Amino acid sequence: MEKKEKFFLEIYNLGIIKFGNFTLKSGMNTPIYIDFRPIASRPNLLIKLSDLLIHNVPSYDFELICGVPYAALPIATTLSLRSKIPLIIKRKENKGYGTKRMIEGIYKAGQNCLIIEDVITSGDSLLKTIIDLEKEGLIIKNIMSILDREQGGIENIKKKGYNIRTLFRIKEVFKILKNKSFLKKKEIHMIQFFLKKNNTKNIQNKRISYEEKKEKISHPIGKKLIDITLKKKTNLIVSADLIDTKNILKLVNLIGDRICGLKLHVDIINDFSYSFINYLKKISEEKNFLLLEDRKLGDVSSTNSLQLHYGIHKISSWADIVTVHLLAGSMSIQNLNIPSNMGLITISEMSSYGKLSNDNYIRKVLNISLKNPEVIGTVAQRKVDDRLLLFTPGIHFYKKENNVGNRYIHPIQAFKEKGSDFIIVGKAIFLSENPKMMAEEYRNAGWKAYENEL
Ligand SMILES: O=P(O)(O)OC[C@H]1O[C@H](OP(=O)(O)OP(=O)(O)O)[C@H](O)[C@@H]1O
Ligand SMILES: O=C(O)c1cc(=O)[nH]c(=O)[nH]1
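The model shown is predicted, which means the values in this text are computed figures rather than measured ones.

(A) Up close: the overall build of the protein. The helix and strand tally for the protein stands at 16 helices and 16 strands. Here the protein holds 454 residues, and the buried ones make up 53% of them. Within the protein, residue pairs in contact and separated by at least 24 positions form 66% of the contacts whose partners lie at least 6 positions apart. Within the structure as shown, the protein displays about 21700 Å² of accessible surface, and the carbon and sulfur contribution to it stands at 52%.

Here you go:
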């Protein structure tokens, strides 16, 4: 038996293949989860694994070793100890204190670094590590992974020009286990289901169309937003951060035909009144766009409910959509008693510099969003499950950042890199000398960026 095959059967006994219902880092659901983490507690197996990896690296000209955090860290460390090649450590997040470095250890720009990954699904975690190492001037010539789930990740990395090898491929591993009769009938069925579902490579790269998305969205307001988008061929939402009603109405009359949504902060309007909101509602119906109140509720359910229904703004009486933070947990958006034609957008991840949300928080918000039927979508800086609409603020053609922490991306980046469904543009339109023309330009750019990803 080949050494590598023998090794796999050895680690299989540690329970590294798990069958059940799992959500992956990329948000995908899967019946199979590969978990190499228990190997860290078996020094002999760690040594065997690192020796196998080192024998499969295509060239030995690397001067540093780095693991993709966290699962690959003990493996990269063992490899470093065995080969005597120095280890550097990549953090998942900047600590925000101390040296605030993302890469720890001793290295200098120009050095060649070998990256170790445990499992590759989309390749996004690996890419994040590559980007952070390259920011430090390090050169990435070789990447080794233990297992490729054959879901497009390796191809994504190769397409970007990197040299990557994997010890195992998932189909090969299933074959080994089946031949050795290691699998139960139920497990074989789960594997067959997994393979059938994942037989299209690069699912990560393709986005689904608005029509397909509409089928996956259950909330009527989510469906309505998509209908408007398709009818008007616009995914542009304009953020009207203006402090008087006259200027908001003036802007809306100029851009109303070009947008699918208007985002407001009603609490900044000096002369807010019901006649204003009634008039705005009338225009939104005539010109066919939705009203989003960016209230960012963030309290417990009872307070959120009061803020939605009472006070001078009575948001629930006119807004089609309201934004919410989930800092207070999943129950904070239960029992809000909102009308059935009003939807919620959760804030999973802001676009600002120094935002406090980490991967764990973001994933939890996304999970809660998927489970609550009143949530139509979310604000995030990453691809999310197709059952959520993804809203991307911080859009600007030219600006990258300002001096108060806002960060901006181009509509192309929003659709290509973040998998956006709707772009939210503010200052670039309402501060421009010609808001009508700018709205048209952003509308065209957003639509083209969407079509290019299909
Ligand atoms: O190719 P991708 O779609 O990025 O998914 C694969 C990544 O997911 C896991 O990391 P995760 O951060 O979930 O867990 P960890 O902290 O235990 O490594 C795994 O260890 C890979 O690094
Ligand atoms: O994609 C993931 O998050 C993932 C898949 C897998 O099989 N194992 C793992 O650790 N992560």
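(B) A look at the site of ligand 2. Taken together, L24, K25, Y33, I34, R37, V119, T121 and R149 form the complete shell of residues around ligand 2. Here R37 contributes a side-chain N or O atom positioned 2.9 Å from an oxygen atom of ligand 2. Relative to its free-state accessible area of 290 Å², ligand 2 is covered by the protein chains to the extent of 90%. Residue classes in the shell around ligand 2 are distributed as 4 nonpolar, 1 polar and 3 charged.

(C) Geometry of helix α10 (residues 245–255). Restricting attention to buried positions, one finds in α10 the residues T245, I248, L249, L251, V252 and I255. In an axial view of α10, the angular spread of the buried residues amounts to 160°, which keeps them on one side of the axis. More than 90 degrees from the buried face of α10, the exposed residues found are K246 and K250. Considering only its buried residues, α10 is in contact with β9 (236–239), β10 (261–264), α11 (274–287), α15 (427–430) and α16 (435–453).

(D) Structural view of the site of ligand 1. The full set close to ligand 1 counts 15 residues, and K25, K92, D118, S122 and S125 are the nearest of them. The contact in question runs from an oxygen atom of ligand 1 to an N or O atom on the side chain of K25, over 2.7 Å. For ligand 1, the accessible surface in isolation is 510 Å², of which the surrounding protein chains cover 87%. For the shell around ligand 1, the secondary-structure elements that each account for two or more residues are β6 (112–120) and α4 (124–135). The biggest single contributor to the shell around ligand 1 is β6, with 4 residues.

(E) Spotlight on α16. Helix length check: α16 (19 residues) gives 27 Å between terminal C-alpha atoms against 27 Å at 1.5 Å per residue, within 8%. Taken as a whole, α16 has its buried residues at P435, M438, A439, Y442, R443, A445, G446, W447, A449, Y450 and E453.

(F) Structural detail: the packing of aromatic side chains. Scanning all chains against the criterion turns up 14 aromatic pairs. When the ring of F272 is compared with that of Y274, the centres are 6.1 Å apart and the planes differ by 85°; the resulting orientation is edge-to-face. In this structure an aromatic cluster arises from ring pairing among Y210, F391, F422, W447 and Y450. The cationic tip of R207 hangs over the ring face of Y210; the distance from NZ or CZ to the ring centre is 5.5 Å.

(G) Expanded view of the nonpolar core. L236, L262, L280, F391, I429 and Y442 are the most contacted members of the largest nonpolar core, which totals 78 residues. Here the element with the most residues in this core is α16; it accounts for 7 residues. F8, I54, F62 and I191 belong to the second largest nonpolar core, which has 41 residues in total.

(H) Layout of the environment of K399. Checked against the element boundaries, K399 lands in the loop between β15 (389–392) and α14 (411–416). With 29 residues separating them in the primary sequence, K399 and A428 have C-alpha atoms 9.1 Å apart.

(I) Main features of the pattern of salt bridges. Throughout the structure, instances matching the rule amount to 25 salt bridges. A salt bridge links R382 to E349; the nearest nitrogen and oxygen atoms lie 3.0 Å apart. Here E349 lies in the loop between β13 (343–347) and α13 (359–371) and R382 lies in the loop between β14 (375–379) and β15, a separation of 33 residues in the sequence. The same class applies to R382 as to E349, namely buried. One connected set of salt bridges, linked through shared partners, spans E349, K355, D359 and R382.

(J) Representation of the UniProt feature "binding site: orotate" (unreviewed entry) in the protein within the structure. Taken from the UniProt record, the annotation "binding site: orotate" (unreviewed entry) applies to T121 and R149. For the residues just named, distributed over 29 residues, the greatest C-alpha separation is only 5.5 Å, placing them together at one site. Along the polypeptide, T121 turns up in the loop between β6 and α4. Relative accessible area serves as the criterion here: at 15%, T121 is assigned to the buried category. Once you skip the residues sitting within four places of it in the chain, T121 turns out to touch L24, S26, M28, R149, Q151, G152 and G153. What R149 contacts, discounting residues up to four positions off in sequence, is L24, T30, I32, Y33, I34, V119, I120, T121, I170 and F194.

Rules behind the numbers
- Residues numbered from 1 in each chain as written.
- Chains lettered and ligands numbered in written order.
- Predicted model: local features only at pLDDT ≥ 70, side-chain atom pairs only at ≥ 80, totals over all residues.
- Heavy atoms only, no water.
- Helix = DSSP H or I, 4+ residues; strand = E, 2+ residues; numbered from the N terminus.
- Buried < 20%, exposed > 50% of the residue type's maximum accessible area, 1.4 Å probe, protein only.
- Contact = heavy atoms within 4.5 Å.
- Areas by Shrake-Rupley, 256 points an atom, 1.4 Å probe, with all protein chains shown as cover.
- Near = heavy atom within 4 Å.
- Polar contact = N/O pair within 3.5 Å; in protein donor to acceptor, adjacent residues only side chain to side chain.
- Nonpolar A, V, L, I, M, F, W, Y, C, P; charged D, E, K, R; others polar.
- Arc of directions from axis to C-beta.
- Expected span 1.5 Å × (residues − 1).
- Phe/Tyr/Trp six-rings, centres within 6.5 Å; stacked < 30°, edge-to-face > 60°.
- Lys NZ or Arg CZ within 6 Å of the ring centre and 35° of its normal.
- Core = buried A, V, L, I, M, F, W, Y, C linked by side-chain atoms within 4.5 Å.
- Salt bridge = Lys/Arg side-chain N within 4 Å of Asp/Glu carboxyl O.
- UniProt positions renumbered as here; feature names shortened; annotations may be inferred.

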